[in-house]
Amino acid sequence: MKTRKVPHIVQYQGSKRNLAPLILQYMPRKFNRLIEPFAGMAAITIAVSKQQRASQYWLNDLNAPLVKILREAIETPDALIAEYSKVWNEQLGFVDGSVAHFYKVRDDFNAGDKSAANMLYLLARCVKGSVRYSSTGTFNQSPDKRRMGTSPTTLAKNVYQISSYLKGKTTFSSLDYREILQQAVPGDLVYMDPPYQGVCSSHDNRYYAGIEFDDFVGAVDELNSRGIDFMISYDGQCGEKQYGIDLPEKLGLRKVLLNAGLSSQSVLLGRKEVTYEALYLSDKLQKQIQSVCQQKLLFEEVV
């Protein structure tokens, strides 16, 4: 699967779109439902649905405006594209320029107009596609002055593709991740991309609340006890530096390091260090993957 052929709604910092081909290698070829408790812009769900690996999907994120974008993109793409085009085109003739227009939309958003189109425009136009909130919950990221954000034409092409994969198959919610995990059942695959440990013990600027490490470990342990298949993208390392501590061995998880490419920060400093992101596989999922691989090897030997 070529990464460039997997559509995305908008650039989103922390997206696993580039790593999706590697992550999907550790998933079963077919399963009932994919659940993303920390969906962001749903890169993994989009990649899985493109390959038709699951029949149902559940997208959840505590950041409700992000979920609103996903819901409209998938279920009512015409309306989202029309509204986004209206907001995006306003910047072209805005009296004080496109940067001032961004701040106007940001002010409107923070004043209560949290439409999917406004959120999408802010995300498309802000620095590094990075969602940032103040301690009071207001969107406070600045605009990228070098670009005007994803054009409506490009957006429409991607959104219609994504809608064709997921419309009528997807559940949407903005709940605490623990509520979502409690509703997972055997046959589901849960993919988790939680806030990394650097922000877990305090307010996280991608979400409205932090994720406590011990609480997360407990929730994962409970999934294990119920025999639910799951995968976790969690921290990693760059060069010799490891970010965060490993998830406890008592959970029985397999840790795989995925090559995420050269660190842009290290390149700026004159070094060439590769960034690796950790992917943890549940014990039950490991056994499924091993069984499939063994069957494939046996088949190849017989042939």
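Everything here concerns the structure above.
Once a new chain begins, its residue numbering starts again from 1 and follows that chain's sequence as written. In keeping with the predicted nature of the model, local features appear solely for residues at pLDDT of at least 70, side-chain atom pairs appear and are counted solely at 80 or more, and the whole-chain, interface and lining totals rest on all residues. Computation of side-chain values covers all heavy atoms of the structure but excludes hydrogens and water.

Draft legend 1. Just empty space enclosed by the protein, in detail. Any residue with an atom within 4 Å of a point lines the site, the site being either a cavity, points on a 1 Å grid over the protein atoms alone where a 1.4 Å probe fits but cannot get out, or a pocket, an open set with protein on both sides within 12 Å along at least 5 of 7 lines. Grid points are joined across faces, edges and corners, and a volume is the space filled by probe spheres set on the points. One pass over the full model with this rule turns up two cavities of 30 Å³ or more. Estimated volume of the second largest cavity: approximately 40 Å³. Lining the second largest cavity are Tyr234, Asp235, Gly236, Gln242, Tyr243, Gly244, Ile245, Asp246, Lys255, Ala278 and Tyr280. Put simply, DSSP marks the helices as runs of H or I at least four residues long and the strands as runs of E at least two long, and each gets a number from the N terminus on. Put simply, the parts of the chain that give the lining of the second largest cavity at least two residues each are β5 (229-238), β6 (241-243) and β8 (274-281). When residues of the lining of the second largest cavity are assigned to their parent elements, the largest contribution, three residues, is made by β5.

Draft legend 2. Up close: the packing of aromatic side chains. Side-chain rings of Phe, Tyr and Trp, where Trp is taken by its six-membered ring, are said to pair if the distance between their centres is within 6.5 Å; with planes under 30 degrees apart they count as stacked, over 60 as edge-to-face, and otherwise as tilted. Within this structure, the stated rule accounts for eight aromatic pairs. Each ring, one from Phe102 and one from Tyr121, has its centre 6.4 Å from the other, and the planes form 45°; the classification is tilted. On the criterion of sequence distance, the pair formed by Phe102 in helix α5 (residues 98-110) and Tyr121 in helix α6 (residues 116-125) is long-range, its members being 19 residues apart. Each residue's exposure class comes from its accessible area (1.4 Å probe, protein chains only) as a fraction of the maximum for that residue type: buried when under 20%, exposed when over 50%, partly exposed otherwise. Tyr121 sits in the buried class, given a relative accessible area of 1%. Aromatic side chains Phe109 and Phe139 sit 6.1 Å apart centroid to centroid with 75° between the ring planes, which places their arrangement in the edge-to-face category. With Phe109 in helix α5 and Phe139 in the loop between α6 and α7 (152-166), the pair connects residues that are 30 residues apart, well separated along the chain. Considered together, Phe109 and Phe139 belong to a single accessibility category, that of buried residues. Clustering of aromatic rings is evident, with ring pairs tying together Phe38, Tyr177, Phe216 and Tyr234. Definition used: whenever NZ (Lys) or CZ (Arg) falls within 6 Å of the ring centre and also within 35 degrees of the ring normal, the charge is taken to sit over that ring. The side chain of Lys114 reaches across the aromatic face of Phe109, ending 4.2 Å from its centre.

Draft legend 3. Fine view of the pattern of salt bridges. Should a side-chain nitrogen of Lys or Arg be within 4 Å of a carboxyl oxygen of Asp or Glu, the pair is scored as a salt bridge. Applying the stated criterion across every chain yields a total of eleven salt bridges. Here Asp144 ties to Arg146 by a salt bridge, and the two come within 3.1 Å at their closest N and O atoms. For Asp144, a relative accessible area of 6% corresponds to the buried category. The salt bridge involving Lys255 is made with Asp246; its shortest N-O contact spans 2.6 Å. Salt bridges sharing partners connect three or more residues here, namely Lys16, Asp193 and Glu277.

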